[in-house]
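Descriptive analysis of the structure
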Amino acid sequence: MSTADETGGLMVRAEAVHKSFGRLEVLRGIDLEVKSGEVMCVVGPSGSGKSTFLRCINHLEKIDAGRLWVNGHLVGYRESGGRLYELRDREVAAQRRDIGMVFQRFNLFPHMTALENIMEAPYRVKRQPKAEVRSRSLALLERVGLSDKAGSYPAQLSGGQQQRVAIARALAMEPALMLFDEPTSALDPELVGEVLEVMKQLALDGMTMVVVTHEMGFAREVGDSLVFMDGGVVVEQGTPGDVLTEPRHPRTRDFLSKVL
Ligand code: ADP
Ligand code: MG
């Protein structure tokens, strides 16, 4: 059994993924596939394991059972001669570099300008030439509509602007996959649209994205697929139009009746 061959062009493939924290079983057998170029939106009640699953994809949590492939790699392990070997920290770090993540809270470096925030990882981690990193970072600022904020510090930016910088910062590492964990949940309502618009453009540019969100309008308009998670499992999955219009599972119907 090889590791990469089995992903068959998929960006993410989860097979019976389990994760517990102590005696709390948070992921109870997640099966899911994300194709390259696909935008998958994930919805579900608080505590259903959405963030934990994203953290597993991003190598931030170790799964207890099942298999998880991301970007052609079996997460956490190397398979050889039918046996699994744990990856070294360096190998994990190398694989994580291809994944960008944007969180609910903007967590920009407060003592760095918007431009410096974006330049930091490619310059320090990838050790790319500074002038090159700088011009690419400026282009990224332009892409998220913040050309005029290069020299601003996070505290001088609105929440929506900070989140757009956070997206640009994640893109600076040229990820193959972008993960969003409720990227607009902490924003004032009037700032949500500008962040969703940047994400929509990213999707149109062909980025593979997994987006945990309560923004059903975004899911319907931008998502290729919609996953409803509850109690650590995928309860229902389909096109956003189908799931939102005709949810089949009572738990999906119940959840949607509360958020729509
Ligand atoms: P969601 O993102 O869907 O709201 P989470 O994945 O954040 O759900 O959390 C699922 C459950 O796992 C919750 O009960 C949460 O308290 C618990 N949990 C998450 N992370 C940890 C952790 N590091 N240690 C212990 N419990 C955790
Ligand atoms: Mg969460």
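Note that the coordinates shown come from a computational prediction; the quantities given were computed from them, not determined experimentally.

The next point concerns the nonpolar core. Side chains of a nonpolar character, in soluble globular proteins, are inclined to be buried together. Within the largest apolar cluster, 49 residues are counted, with the highest numbers of intra-cluster contacts made by Ile167, Met178, Phe180, Met199 and Met209. The element that contributes the greatest number of residues to this core is helix H6 (residues 189–204), accounting for eight residues. Residue contacts for Phe180: discarding those within four places in its chain leaves Leu54, Val102, Ile167, Met199, Leu202, Met209, Val210, Val211 and Val212. Of all hydrophobic cores here, the second largest spans 27 residues; its members include Val12, Leu54, Leu68 and Met101.

Further remarks concern unusual backbone geometry. A positive phi angle, close to 50°, is found at Ala16, a residue other than glycine. Tracing the backbone shows Ala16 in strand S1 (residues 10–21). Taking relative accessible area as the criterion, Ala16 reaches 32% and is therefore assigned partly exposed. Here Glu182, not a glycine, exhibits a phi torsion of approximately 45°, which is positive.

Let us now look at the layout of surface pockets. Each pocket or cavity is described by its volume, and for the largest pocket that value is around 550 Å³. For the largest pocket, the lining is made up of 24 residues, of which Arg96, Ile99, Met101, Ala121 and Met173 are closest to its centre. Elements that contribute at least two residues to the lining of the largest pocket include exactly helix H2 (89–96), strand S8 (99–102), helix H3 (114–124) and helix H5 (159–171). Among the residues making up the lining of the largest pocket, the classes are represented as 14 nonpolar, six polar and four charged. Taken as a whole, the second largest pocket spans an internal volume of roughly 180 Å³. Across the lining of the second largest pocket, the residue classes tally to six nonpolar, two polar and two charged.

Parameters and conventions
- Residues numbered from 1 in each chain as written.
- Chains lettered and ligands numbered in written order.
- Predicted model: local features only at pLDDT ≥ 70, side-chain atom pairs only at ≥ 80, totals over all residues.
- Heavy atoms only, no water.
- Core = buried A, V, L, I, M, F, W, Y, C linked by side-chain atoms within 4.5 Å.
- Buried < 20%, exposed > 50% of the residue type's maximum accessible area, 1.4 Å probe, protein only.
- Helix = DSSP H or I, 4+ residues; strand = E, 2+ residues; numbered from the N terminus.
- Contact = heavy atoms within 4.5 Å.
- 1 Å grid on protein atoms, 1.4 Å probe; cavity = no way out; pocket = protein on both sides within 12 Å on 5 of 7 lines; lining within 4 Å.
- Points joined across faces, edges and corners; volume = space filled by probe spheres on them.
- Nonpolar A, V, L, I, M, F, W, Y, C, P; charged D, E, K, R; others polar.

Shape descriptors only; they carry no functional weight alone.
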